[in-house]
Amino acid sequence: MSIRSLLLPMAAALALATPVPAAITAQAEPVQTPRSAVNEHVTKAGELKTSNATLRYAPTGRSWQVVLTEPGSSYVKVHFAAFKLAPGDRVTVADPSGREVHTYRGNPTTTAFPGDSPHTVHGRPGFAAMSVDGDTAVVTLHAAMDRRNADTLTRHGFGVRIDSYYRGFTSTEAAAANPGTFSVCGADARRDVVCYQTNHPTEYARSGAVARQLLNGLGHCTAWRVGNTNRMLTNFHCMESAADLRASEFQFDYQCSTCGGNNPKPGTKVSGLELVKSSPLSALDYALFSVNNFDSIKSFGTLYLDVREPKAGERIYLPGHGDIKPKRLSLYEESDGGAYCKIDVVASGVNTGYRCDSSGGNSGSPVLAASSHKVIALHHLGGCPNWGTRISLVHNEIASLIDNDDGGPGPGPGKRFENAADFPVRDLATAESPITVSGIAGNAPSALKVEVNIKHTYRGDVRLHLVGPDGTTYLLKDTSNDSADDIVAAYPVNAAAQVANGVWKLRVYDAYQSDTGTLDSWALQF
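First, a word on scope: everything that follows refers to the structure included in this document. (Residues numbered from 1 in each chain as written. Predicted model: local features only at pLDDT ≥ 70, side-chain atom pairs only at ≥ 80, totals over all residues. Heavy atoms only, no water.)

## Things to note about the pattern of salt bridges
Evaluated as defined, the whole model comprises 32 salt bridges. Put simply, Asp146 and Arg62 hold a salt bridge, and the shortest N to O gap is 3.1 Å. With Asp146 in the loop between β11 (136–142) and α2 (150–155) and Arg62 in the loop between β3 (46–55) and β4 (63–69), this residue pair connects regions lying 84 residues apart in the sequence. What makes Arg62 partly exposed here is its relative accessible area of 42%. With a closest N to O distance of 2.8 Å, Asp478 and Arg463 form a salt bridge. Of this pair, Asp478 sits in the loop between β32 (473–477) and β33 (487–493) while Arg463 is found in strand β31 (residues 462–467), placing the two residues 15 residues apart along the sequence. With relative accessibility at 39%, the residue Asp478 sits in the partly exposed group. Assessed through its relative accessible area of 25%, Arg463 is described here as partly exposed. (Salt bridge = Lys/Arg side-chain N within 4 Å of Asp/Glu carboxyl O. Helix = DSSP H or I, 4+ residues; strand = E, 2+ residues; numbered from the N terminus. Buried < 20%, exposed > 50% of the residue type's maximum accessible area, 1.4 Å probe, protein only.)

What follows is the structure, given as C-alpha cells:
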C-alpha cells in the first residue's frame, strides 16, 4: 500500500476520535422543489430528500462530523446550501471506508480552489459534492488549527449547512420506478466488461471510454469520450440544457474488477463544463459537451466515429450502464459465445436497428462496428429491435467541433506494433519497454495511438511517457491520487514531428513506495 493510500483511513480515524454529532439517519419526505424529477425518457435512479444538518466550529478538537445514512441506497450526494470556512480548513465528503473522498476548501460557485474535487449545481443556492457510492456519506469539517474562537466564527456564519441530499434507489425501488420497456431481446447476454478482457481485448479496451452519467442526482444515462479533445457524447434526452450539464456528474471506470464479482471500482468522477451542441429527441437526439478535470479521464481512452452507413449483418457491440449497474458489454444476441450482435435494420428514418441487449440507463451508449472498433450509432431507443441514431448523421453536424483523426491512413487503422513481454514496475524505479517500428514511410501520425496494459495495485503511483526514436518524450499519464487498480488505456499522441521508423519506448515510472505492478503489454497503432 502506498503512503497516500494510508492517509484515507488515518483521516477517518482522526475524525472519529474527535467529538462528533450522532449520525443522522435521514427520514424526511422527498423535497418538493424544482427539478425533483428527471424527464420521462431518463431512467429514474434516486430521489431528493431534505436535511437540516449543520457543521459548526467548536473550541475543542479539530474535526467535526455529520453522517447521512439511507440504508440500502446505492449512492448519497450531498447538497450544501451554505459553505464558509476559515482559511486553511476543508470539508470532506466520503464513504465510511474512505474509498471515495471529495474535498472542498470553500464554495466553488464563488471562488475557485485548485485541486478541490469537482462539484455540481442544481438551480438553487449552493452546490452539491460528487456522490459517494453506497448508503452512507460522512461529512467532516477539518480545521487546520484549534479554533478557540469558535463562537465568534459561528456568529459570523462560518461552517456549513446541508439542506438536502440525493439518495440512490435500491434495485427493487429502481425496478418499480422504471416499469417501461426492458429491451432485452430474448435472453440477456450482457456480461461485465472485464469478462472479455482476455478473449476480446479490443472490445474491452474500447469500453474504457464509456462513463455512467448521474443527471441532477436523480437519473442515469451513459456517456462517452469522442475524439482527441475534451468532447463527450450522450443523448439529448439525457441532457436537454446547459443546466442539465451543470447538474450532471460522469463516472469513468465504474465496472467490476472480476467477472460476475459484483465488486465495482469507485472510478473517477467529473462534472460538466460546456454544452457544445445538441439535437432534440425528435431529430438526432445527441448532446456534445465537455467536462471539468479533463486530464483525470484521459487515461480511460477515447472513441472515434466510423463515418459511413451501417451494413446489413455486420457485427457490432454495445458497452454501457443499463439497469443502473456497473458497465457491461453487449457482445452476443442470446447467450455468451453464441451469435454476435449485428445490424438487423440498416436504416429506418435516422436510426439503425439491432438486437444487442439494452435497458434503462443505456441511453447514450455507443454502438461500435467490430470491423473498425469505431462508433457507428448512438443508442437511444429500445423495443427489439433496439435503435441508435446513425453516427454519420451526427458527424455531419459536429465534424468541425471534434477531432476525429485516429491517425490511421484513410478510413481504417494503419499498422500496429506490440511488445507483450512482461516488465516489472518497482517502487521508485523506471522500466522501459521497446518497440521497433519499420515499413512505414515518412513521419508518425498526429494521433498516434499508444495502447497500454499495466497491472498495478495503485495506478495513481504511475507516470507514463512515450519516448520517440529521436529521444523526444511525450507525457501520457501523470501521477495522481487515483487508488484504483490497473491501467488499461489508449492515449493519443501528436507525433507528427517524429520519423515513424525506429525504436520507440514506453517509459514507466513508479513514483511512490509499497504498491508495485507489471507492464503486461503495450502497442503502437499507426
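## A few points about the pairing of strand β29 (residues 430–437)
Side chains Ala431, Ser433, Ile435 and Val437 project from β29 onto a buried face, and the interleaved Thr430, Glu432, Pro434 and Thr436 project onto a face without burial. The pairing of β29 with strand β34 (residues 502–510) spans eight bridges and is antiparallel. Residue pairing for β34: Pro434 is matched across the bridge by Lys505. (Pairing = 2+ DSSP bridges.)

## Focus: helix α6 (residues 391–398)
Of all the positions in α6, only Ile391, Ser392, Val394, His395 and Ile398 are classed as buried. Projected onto a plane normal to the axis of α6, the buried residues spread over an arc of 155 degrees and lie on a single side. Considering only its buried residues, α6 is in contact with β16 (232–234), β19 (286–291), β25 (374–381) and β26 (386–390). (Arc of directions from axis to C-beta. Contact = heavy atoms within 4.5 Å.)

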